[in-house]
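Residues per chain, in single letters:
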Amino acid sequence: SLRFPEKLWKMLESDQFQSVWWTEGGKCVAINKDLFEVEVLGREGQQVFHTQKIRSFMRQLNAYGFTKMQRNFQRSASLPEFLAEEAAASAHSQILYYYNPSFNRAHPWLSETCKRR
């Protein structure tokens with residue numbers, strides 16, 4: 001049985017899941033909350049993590065030293081661009097971003113240092 005960080009890493013590297021991916025050049029984990037609940041937590045019989053609740057999954061992330069990040073969108077001066085960015089930002093409201101300095105795509109060996117608090 002793999003530890004939580006190892007399971008998450010395998011998911012990120014797999015093309016089987018569309019609800020979770022690397023961002024920021026492999027330094028952050030992005031999670032589409034609604035899709036993740038269906039695609040990962042809602043799986044019958046073949047659960048990846050030992051929970052069906054997003055809150056429990058987020059507690060696991062926190063327990064392993066992940067911190068929730070806020071996305072900063074640079075705003076454009078022109079009204080049409082600004083409105084387009086607003087629409088994109090609201091579409092991103094269900095995307096959660098998590099960061100852990102020991103969880104970096106470019107340095108896979110660091111994930112072994114992710115310990116439960």
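A brief report on the enclosed structure follows.

Cut-offs and rules
Residues numbered from 1 in each chain as written. Predicted model: local features only at pLDDT ≥ 70, side-chain atom pairs only at ≥ 80, totals over all residues. Heavy atoms only, no water. Buried < 20%, exposed > 50% of the residue type's maximum accessible area, 1.4 Å probe, protein only. Helix = DSSP H or I, 4+ residues; strand = E, 2+ residues; numbered from the N terminus. Contact = heavy atoms within 4.5 Å. Salt bridge = Lys/Arg side-chain N within 4 Å of Asp/Glu carboxyl O.

This part covers helix α3 (residues 54-63). For α3, the complete set of buried residues consists of I54, S56, F57, M58, L61 and A63. Looking at the packing, one finds that the buried side of α3 touches α1 (4-13), β2 (28-32), α2 (33-41) and β4 (95-99). Just downstream of α3, G65 is the residue with a positive phi angle, here 90 degrees.

What follows deals with the pattern of salt bridges. With the rule as written, the count across this model stands at 3 salt bridges. Between R3 and E6 there is a salt bridge; the shortest N-O distance is 3.9 Å. The class of R3 is partly exposed, set by a relative accessible area of 26%. We note a salt bridge from E13 to R105, for which the minimum N-O separation is 3.0 Å.

If you trace the backbone, S111 turns up in the segment after β4. Among the residues examined, S111 registers a relative accessible area of 10% and is labelled buried. Setting aside chain neighbours within four positions, we find S111 in contact with R3, P5, W9, S102 and F103.

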